[in-house]
Amino acid sequence: MNAPPRPWLDATMPVPDRVAALLAAMTLEEKVAQVHQVANPAPDDVGGFGTCIVASGEHAGNVRDAGTQARSVNALQRRAVEGTRLGIPLIVARDVIHGHRTVFPIPLGQAASFDADLVRECARVAAREATADGVRWTFAPMLDVAQDPRWGRIAESWGEDAWLAAHLGAAAVEGFQGGPDGGRLDQPDAMAACAKHYVGYGLAQGGRDYAEVDVGPHVLQNRHLRPFRAVVDAGVATVMSAFHTIDTVPMTGHTALLGDHLKGDLGFAGPVVSDWDAVGELRQHGVAADLADAARLALGAGIDIDMVSEAFATHLVDLVRAGVVPEAQLDDAVRRVLALKFRLGLFEDPWTPEDRAASVQLTDAHRALARRAAASAVVLLRNDGTLPLRPGLRRIHVTGPFATARAELFGTWTLDGRAEDAGTIADAVRERYTAPGTEVTVDDHRFGDETLVRAREADLVVACVGEHPLRSGEANSVTSLDLPAGQVEALEALARVSRRLVVVVLTGRPLALERLAHLGSAVVLAFHPGIEGGHGIADVLSGDVPPSGRLPSSLPWTTGQVPLHHDQLPTGRPLDPDGDVGRYRDHRDTPAYPFGFGLGYADVAYGEVQLSRPVLAPGDVVELSVQVTNAGAEHAALETVQLYARAHRAAVSRPVSELVGVRRVALAPGETRRVAFELDRTTLSRRDARGDLRLEPGLFTLQVGPHAGAGPTITLEVTAAP
Ligand code: GLC
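Residues numbered from 1 in each chain as written. Predicted model: local features only at pLDDT ≥ 70, side-chain atom pairs only at ≥ 80, totals over all residues. Heavy atoms only, no water.

Student: How should the site of the ligand be read in this particular structure?
Tutor: As a matter of local geometry, the ligand sits amid 14 residues, with Asp95, Arg153, Lys196, His197 and Asp275 nearest to it. The side chain of Arg153 places a nitrogen or oxygen atom 2.7 Å from an oxygen atom of the ligand. Take Lys196: an N or O atom from its side chain is 2.8 Å from an oxygen atom of the ligand. In isolation the ligand offers 310 Å² of accessible surface; the protein chains occlude 100% of this area. Partitioning the shell around the ligand into residue classes produces seven nonpolar, one polar and six charged. (Near = heavy atom within 4 Å. Polar contact = N/O pair within 3.5 Å; in protein donor to acceptor, adjacent residues only side chain to side chain. Areas by Shrake-Rupley, 256 points an atom, 1.4 Å probe, with all protein chains shown as cover. Nonpolar A, V, L, I, M, F, W, Y, C, P; charged D, E, K, R; others polar.)

Student: I keep staring at the packing of helix α7 (residues 217-224) against helix α8 (residues 226-233) and nothing clicks. Help me out?
Tutor: Helix-helix packing is characterised by the crossing angle of the two axes and by the distance between the axes. With their axes 5 Å apart at the nearest point, α7 and α8 run at an angle of 50° to one another. In this view, α7 runs oblique relative to α8, as classed from their interaxial angle. Contacts between α7 and α8 pair Gln221, Asn222, Arg223 and His224 from the former with Arg226, Pro227, Phe228 and Arg229 from the latter. When its residues are assigned to classes, the contact of α7 with α8 shows two nonpolar, three polar and three charged. (Axes fitted to C-alpha atoms, helices over the stretch in contact; angles between N-to-C directions. Helix = DSSP H or I, 4+ residues; strand = E, 2+ residues; numbered from the N terminus. Parallel < 35°, antiparallel > 145°, perpendicular 65-115°, else oblique. Contact = heavy atoms within 4.5 Å.)

Student: What's the story with the sheet that holds strand β15 (residues 501-507) in this structure? I'm lost.
Tutor: Sheet strands pair by backbone hydrogen bonding; their relative direction is either parallel or antiparallel. Strand order in the open sheet formed by six strands is β11-β16-β15-β14-β12-β13, and the pairing between neighbours is mixed. Whereas interior strands pair on both sides, the edge strands pair on one side only; in this sheet they are β11 (378-383) and β13 (439-442). Mean inter-strand twist for the sheet, computed between neighbouring axes without regard to direction, equals 15°. Alignment of strand β14 (residues 460-466) against β15, held across six bridges, turns out to be parallel. Its bridge partner lying in β15, Val462 is registered against Val502. (Pairing = 2+ DSSP bridges.)

Student: Looking at this structure, I do not really get the sheet that holds strand β26 (residues 713-718). What am I missing?
Tutor: As summarised here, the arrangement of the five strands in space is β18-β26-β25-β20-β21, forming an open sheet in which the pairing is mixed. The outermost strands of the open sheet, each flanked by one partner alone, are β18 (615-616) and β21 (658-667). Pairing geometry for strand β25 (residues 698-705) and β26, over six bridges, is antiparallel. If you follow Leu702 over to β26, its bridge partner there is Ile714.

Student: How should the nonpolar core be read in this particular structure?
Tutor: What tends to happen in soluble globular proteins is that the nonpolar side chains get buried as a cluster. If you look at the biggest cluster of nonpolar residues, it comprises 117 residues, and the most contacted ones within it are Tyr198, Phe312 and Leu316. Sequence-distant contacts of Tyr198, that is, excluding residues within four places in its chain, are made with Leu225, Phe228, Val239, Met240, Ser241, Ala242, Met251, Leu257, Leu258, His261 and Leu262. Core analysis: the second largest hydrophobic core is formed by 33 residues, Val379, Val465, Val497 and Tyr593 among them. (Core = buried A, V, L, I, M, F, W, Y, C linked by side-chain atoms within 4.5 Å. Buried < 20%, exposed > 50% of the residue type's maximum accessible area, 1.4 Å probe, protein only.)

Student: Can you walk me through the side chain of Thr412 in this structure?
Tutor: If you trace the backbone, Thr412 turns up in the loop between β12 (395-399) and α15 (425-432). At a separation of 2.7 Å, a polar atom in the side chain of Thr412 contacts the side chain of Asn62. Among all residues touching Thr412, those that are not within four sequence positions of it are Gly61, Asn62, His98, Ile106, Ala155, Pro469, Ser472 and Gly473.

Student: Would you take a moment to explain helix α6 (residues 162-177) for this structure?
Tutor: In a regular helix each residue adds 1.5 Å, so 16 residues correspond to 22 Å; α6 covers 22 Å between its end C-alpha atoms and thus fits that length. The buried count for α6 comes to 15 of 16 residues, which makes it a mostly enclosed element. Of the residues that open α6, the one with a side-chain oxygen 2.9 Å from the backbone nitrogen of Trp163 is Asp161. Taken from the residues just after α6, Gly178 is the one with a positive phi, measuring 90°. (Expected span 1.5 Å × (residues − 1).)

Student: Is there a simple way to explain the layout of surface pockets in this structure?
Tutor: The gaps left among the atoms become clear once a water-sized probe is rolled over them. The computed volume of the largest pocket comes to approximately 1,000 Å³. As for the largest pocket, its lining consists of 40 residues, of which Trp163, Ala166, Arg226, Leu659 and Thr683 are closest to the centre. For the lining of the largest pocket, the secondary-structure elements that each account for two or more residues are α5 (116-131), α6, α7, α8, β21, β22 (672-679), α19 (681-684) and β23 (686-687). Roughly 890 Å³ of volume is contained in the second largest pocket. Forming the boundary of the second largest pocket are 30 residues, of which His566, Gln568, Leu575, Thr590 and Val656 lie nearest the centre. Mapped by element, the contributors of at least two residues to the lining of the second largest pocket are β20 (637-647) and β25. With three residues, the top contributor of residues to the lining of the second largest pocket is β20. Considered class by class, the residues forming the lining of the second largest pocket number 15 nonpolar, twelve polar and three charged. (1 Å grid on protein atoms, 1.4 Å probe; cavity = no way out; pocket = protein on both sides within 12 Å on 5 of 7 lines; lining within 4 Å. Points joined across faces, edges and corners; volume = space filled by probe spheres on them.)

Student: Just to check I follow, could you spell out the packing of aromatic side chains for this structure?
Tutor: Think of a pair of aromatic rings as described by two things: how far the centres are apart, and how the planes are tilted against each other in angle. Counting across every chain of the model gives eight aromatic pairs. With a centroid separation of 5.2 Å and an interplanar angle of 85°, the aromatic rings of Tyr198 and Phe228 are classed as edge-to-face. Taken as a pair, Tyr198 in strand β5 (residues 194-198) and Phe228 in helix α8 lie far apart in primary sequence, 30 residues in all. The residues Tyr198 and Phe228 share a single accessibility class, namely buried. Through a chain of ring-to-ring contacts, the aromatic side chains of Trp151, Tyr201, Tyr210 and Phe243 assemble into a single cluster. For the cation-ring pair, Arg78 lies above Trp351, with the distance from its terminal atom to the ring centre recorded as 5.0 Å. Over the aromatic face of Trp413 sits the side chain of Lys196, whose NZ or CZ is 5.2 Å from the ring centroid. (Phe/Tyr/Trp six-rings, centres within 6.5 Å; stacked < 30°, edge-to-face > 60°. Lys NZ or Arg CZ within 6 Å of the ring centre and 35° of its normal.)

Student: Would you mind showing me how to read the pattern of salt bridges here?
Tutor: Where charged atoms from two side chains of opposite charge come close, those side chains can pair. With the rule as written, the count across this model stands at 46 salt bridges. The partner of Arg120 in a salt bridge is Glu174, and the shortest N-O contact between them spans 2.9 Å. Here Arg120, found in helix α5, pairs with Glu174, found in helix α6; they are 54 residues apart in sequence, far enough to count as distant. Arg394 serves as the salt-bridge partner of Asp459, at 3.2 Å between the closest nitrogen and oxygen. Of this pair, Asp459 sits in the loop between α16 (448-457) and β14 while Arg394 is found in the loop between β11 and β12, placing the two residues 65 residues apart along the sequence. Judged by its relative accessible area of 13%, Asp459 is buried. For Arg394, a relative accessible area of 39% translates into the label partly exposed. Through salt bridges with shared partners, a single ionic network connects Arg395, Glu439, Glu450, Arg454 and Glu457. (Salt bridge = Lys/Arg side-chain N within 4 Å of Asp/Glu carboxyl O.)

Student: Mind showing me how you'd approach helix α18 (residues 533-542) here?
Tutor: For the α-helix, the turn length of 3.6 residues means that residues three or four positions removed from each other point alike. Here α18 lies mainly inside the structure; ten of its ten residues are buried. When α18 is considered as a whole, its buried residues turn out to be Gly533, Gly534, His535, Gly536, Ile537, Ala538, Asp539, Val540, Leu541 and Ser542. Where α18 is buried, its residues touch α14 (364-376), β11, α15, β14, β15 and β16 (522-527). After α18 finishes, the residue Gly543 shows a positive phi value of roughly 85°.

Student: So what exactly am I meant to see when it comes to the pairing of strand β3 (residues 91-94) here?
Tutor: Regular strands place side chains that alternate from one sheet face to the opposite one. Because side chains alternate across β3, one face comprises the buried residues Ile91 and Ala93, and the other comprises Val92 and Arg94, equally buried. Sheet analysis places strand β2 (residues 51-53) next to β3, joined by three bridges and oriented parallel. Bridge pairing in β3 places Thr51 opposite Ile91. The β-α-β motif built from β2, the intervening helix α3 (residues 70-83) and the parallel element β3 has right-handed crossover chirality. (Right-handed = clockwise from strand over helix to strand, strands pointing away.)

Student: What am I meant to see in the side chain of Thr441 here?
Tutor: Locating Thr441 in the fold gives a position in strand β13. At 2.6 Å, the side chain of Thr441 forms a polar contact with the side chain of His397.

Right, here's the structure in full:
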């Protein structure tokens, strides 16, 4: 049988025309195949699906699998392109969340850098490495704004702040997709990004994964939709719907938010993929009578690809033929999928070179970036001057469960990193302190009594503790933010015998470290720092790299305080942190360490804030500037200057602090730099319940400083629009 003409293969045609030509040639069964995603198929399975995911299963984040290689992907593509009637290529997807073979810090760790350029570079490298293994679609960046550290998926987030999540999420999309404005997806080292989990997943009640979410339209628009709006503007190729319900409506069946808002108001033109089995789970939510009903509801709400539930594959042909589902709905979904395949260049070149991976993965340049990213994920919480470690120490003892850890440094959602590629913290300290006369001893604290002997013999002890990656990520919520059982007691014993004790806490989430408040000489927090975590931590401990990490989430004193975030509303009885009336009778109201907090090795002073004009009129741009000085004489500083705004009045209550800008500035000892921000009316605007920008005239207090609630302030007047 002669193959039918394939006009859609003419690459000079505009993509919509190519899509239309191909759609017109497709049977109903072929259309349904394109909206069906399967997991881990074999070549013989090819035919009934349009995309596939390589994953270990529904909780892929902490379960290793065989991974994917170019050869196996090419075998699948060959069957699709050469073994089916229309030869439509597949898209192979994987959760490339924070690196591929070169594992970067978890997103929460990358967020601690407050550095969009760094995030973009890490995503670019991840795409370069993953595409070499045949992956052309990643289910990242996760954009959930997370304010409850009990929720294990905070590890995958950019933290508690919507502005930061929007800026870093957009940077990640540009990195994955190969550039701004949607990138250059047809380049072989670019892969489609996926904004997830649409929307509000970080509000899961009680921090319990998958739990219900209750949120109003203003908070949804201004906190949780903000990062999604930003990445749609950045040209993200796909979106993933979330598992949970909002106000009793499952997101996978949420027509108002998926169809009307995301695809309508925001104009998102790419495919929306459900989360794993989430279409089928509409039955468990109690809104679908059976799998066919789930397929009808999901497609009608705006889901374009059904991830592994089989609902679309099993029932859509019959539902369309029976007139229950309009074929136009199916056609819209298929158009979005086909357009993505054309944009990825898969019709021109579906093949992955099978000799590229070895030369592009885990290169020295990628390791150097991972090391820089790891150092940026380190937040110095307390230091009595013991850090940076001074030369001439006679004996350093490195201990604790993370002292000799390798794969545990990676964090959750690490699918392709290999333990043997990672160095340990102990190795890095030993490597750094090889000077004659300095001895580095190491143990993993299995025998606490032996460790105490070593500690007493040392000039300084570095104790590396914290939570195992298995305790964060999907389906890993906790009821307590304390360090894992036994670790505080072990540290207290160490503190009693150590001359100086530096505590390094590795974690996938903000922890409640109250019991470390007066323990030891210094406390350093490292969000699971990745393959070069050992070097990154040693670089900061030694002062080779100034501590620059800043908290992307507030650290509570105790679990009972959460959810806790800097951009809370004032309430009708605003809290006076210095007052004698608080909210809790049994603990403090403020965080142990606020959003944006992080120390350096030098004292940085903020001078007077200035405005280029005191009034922001329509069409204006006002410049805010401040002098920032490294007041120290010995150490360089890498200061993350943060600008916060507070509206004095609006039609609704606005947060006591809204992050509106970040500048990272390097300062040599004694150096002063002028740091400037440009403000326009959009910077200070809010979204109303429909998502439209609103800005009420009036006064704004602007505060610029080292973290939320700190630094000099100045008042700006916003005048009424004409
Ligand atoms: C998981 C996660 C999602 C991931 C998907 C595929 O359940 O919720 O983030 O991308 O399934 O692994």
